[in-house]
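Notes for the structure review
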Amino acid sequence: MDKKIVEVKNLRKGYNEVTAVDNLSFEIYENEIFGMVGPNGAGKTTTIECVEGLRNKDSGEIKILGLNNPETDGDLKTKIGIQLQESSLPERIKVREAMEMFSSLYPRTIDWKDLLAKLNLTEKVNSYFRELSGGQKQRLFIALALINDPELLFLDELSTGLDPQARHTMWDLIRDIRNEGKTIFMTTHYMEEAERLCDRVAIIDRGKIVALDTPQNLVQSLGKEMRVIFSLENDFPLENFKKIEEVTEVEKIGDRIVVHGEGEEFVYRVISLLMSNKMKFREIKIEQPNLEDVFLALTGEKIRE
């Protein structure tokens, strides 16, 4: 990663008394998937729209593909593709008509029929927009964003509203797009999505970047703490778990007990304690730290939907 595709320095944007983006700086390199994650209202969409040139910044510097003015540079519009957080088309426009219309807007485009084939939309070419499922609509908007064969693709909250199966299908699609040589800047409030897709992640909260690194490095920064989660069919004093040397915290959430700890013997000792006391446990699972844990550790609050 040595060629900078996006350079943002000291970006600020406010609305009346609210500072939505507060002095952000970051870089995106060629052929990486760069993710900006955080809760709704954290400033992700404002940031990405300033970088795209759809929203005027208050101050700071933005350079994309070597160009300095995303708000006004016409050449830039032919080199980027944008999928907005909220998009729509006329209900009675056909997929074919939408592709033809968007193709007419650019001096150079790729064959939209091949594009639909890659996105598994060929069978829907004569369908009206209103007849498409949520996942099909999202794939259509990605096709429209790719029709000019952009070097840089922006994806804002790509999988919001999709069911789990459609979300995983979308993730495979994004990986394929990157593998074709594209650079991707995406925002999401789904931590699993960022952890699965992104080469690097910026965690943003209340307009500030609170961490920026690879998902693996961010998770490793928490240490090696794990969680054993289970339900018990009878009462068992939580204090008993705290007697285990490797245990760092014990909490009860509803009917679930969560035991936090670290070390090679941690999980074994928790289960041994339950079995030696003839406790009947169910729905047991072991969790490693993830990006949401990183967010909680950095901000002290849960992801706000």
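You'll find the structure just up there.
Reference entry: report on the structure contained in this document. (Residues numbered from 1 in each chain as written. Predicted model: local features only at pLDDT ≥ 70, side-chain atom pairs only at ≥ 80, totals over all residues. Heavy atoms only, no water.)

**A word on the overall build of the protein chain**
A tally of helices and strands in the protein chain yields 11 helices and 13 strands. Principal axes of the C-alpha set define a box for the protein chain whose edges measure 75 × 45 × 40 Å. Buried residues in the protein chain amount to 47% of all 305 residues. Across the protein chain, every contact between residues at least 6 apart in sequence was considered, and the portion connecting residues at least 24 apart equals 68%. Total accessible area on the protein chain is roughly 15,700 Å²; 44% of this is exposed by carbon and sulfur atoms. (Helix = DSSP H or I, 4+ residues; strand = E, 2+ residues; numbered from the N terminus. Buried < 20%, exposed > 50% of the residue type's maximum accessible area, 1.4 Å probe, protein only. Contact = heavy atoms within 4.5 Å. Areas by Shrake-Rupley, 256 points an atom, 1.4 Å probe, with all protein chains shown as cover.)

**Here's the deal with the sheet that holds strand β5 (residues 80-83)**
What the 6 strands build is an open sheet, ordered β5-β6-β7-β3-β8-β9; its pairing is mixed. What marks the edges here is a single partner per strand, and that holds for β5 and β9 (208-213). Strand-to-strand twist of the sheet, defined as the mean angle between neighbouring strand axes without regard to direction, takes the value 15°. Bridge count between strand β3 (residues 33-37) and strand β7 (residues 183-188): 5 bridges; the pairing is parallel. In the sheet register, Val-37 faces β7, and the bridge partner there is Thr-188. Its contacts with the sheet place helix α1 (residues 44-52) against β3, β5, β6 (152-156), β7 and β8 (200-205), and it is angled at close to 155° to β6. Where helix α11 (residues 291-299) meets the sheet, it contacts β8 and β9, and its direction lies at approximately 40° from that of β8. (Pairing = 2+ DSSP bridges. Axes fitted to C-alpha atoms, helices over the stretch in contact; angles between N-to-C directions.)

**Quick notes on the nonpolar core**
In this structure, Met-99, Leu-140, Ile-142 and Ile-174 are the most contacted members of the largest nonpolar core, which totals 46 residues. Element by element, the count of residues in this core is highest for helix α5 (residues 134-146), at 7 residues. Once residues lying within four places of it in the same chain are set aside, the contact partners of Leu-140 are Leu-89, Val-95, Met-99, Leu-121, Phe-129 and Leu-132. Ranked by size, the runner-up nonpolar core spans 25 residues in total, among them Val-6, Met-36, Val-51 and Ile-62. (Core = buried A, V, L, I, M, F, W, Y, C linked by side-chain atoms within 4.5 Å.)

**A few points about the pairing of strand β2 (residues 18-29)**
Bridge analysis of strand β1 (residues 4-15) against β2 gives 9 bridges, and the strand direction is antiparallel. Counterpart to Tyr-15 in the pairing with β2 is Val-18. Linking β1 to β2, which pair antiparallel, is a turn of 2 residues; within it Asn-16 sits at a positive phi near 55°.

**Remarks on the side chain of Asn-148**
Examined against the element boundaries, Asn-148 turns out to sit in the loop between α5 and β6. A polar contact of 3.0 Å, which involves the side chain of Asn-148, links it to the backbone oxygen of Thr-78. Each residue touching Asn-148, except ones within four places of it in the same chain, is listed here: Lys-77, Thr-78, Lys-79, Ile-80, Tyr-106, Arg-108 and Thr-109. (Polar contact = N/O pair within 3.5 Å; in protein donor to acceptor, adjacent residues only side chain to side chain.)

Shape descriptors only; they carry no functional weight alone.
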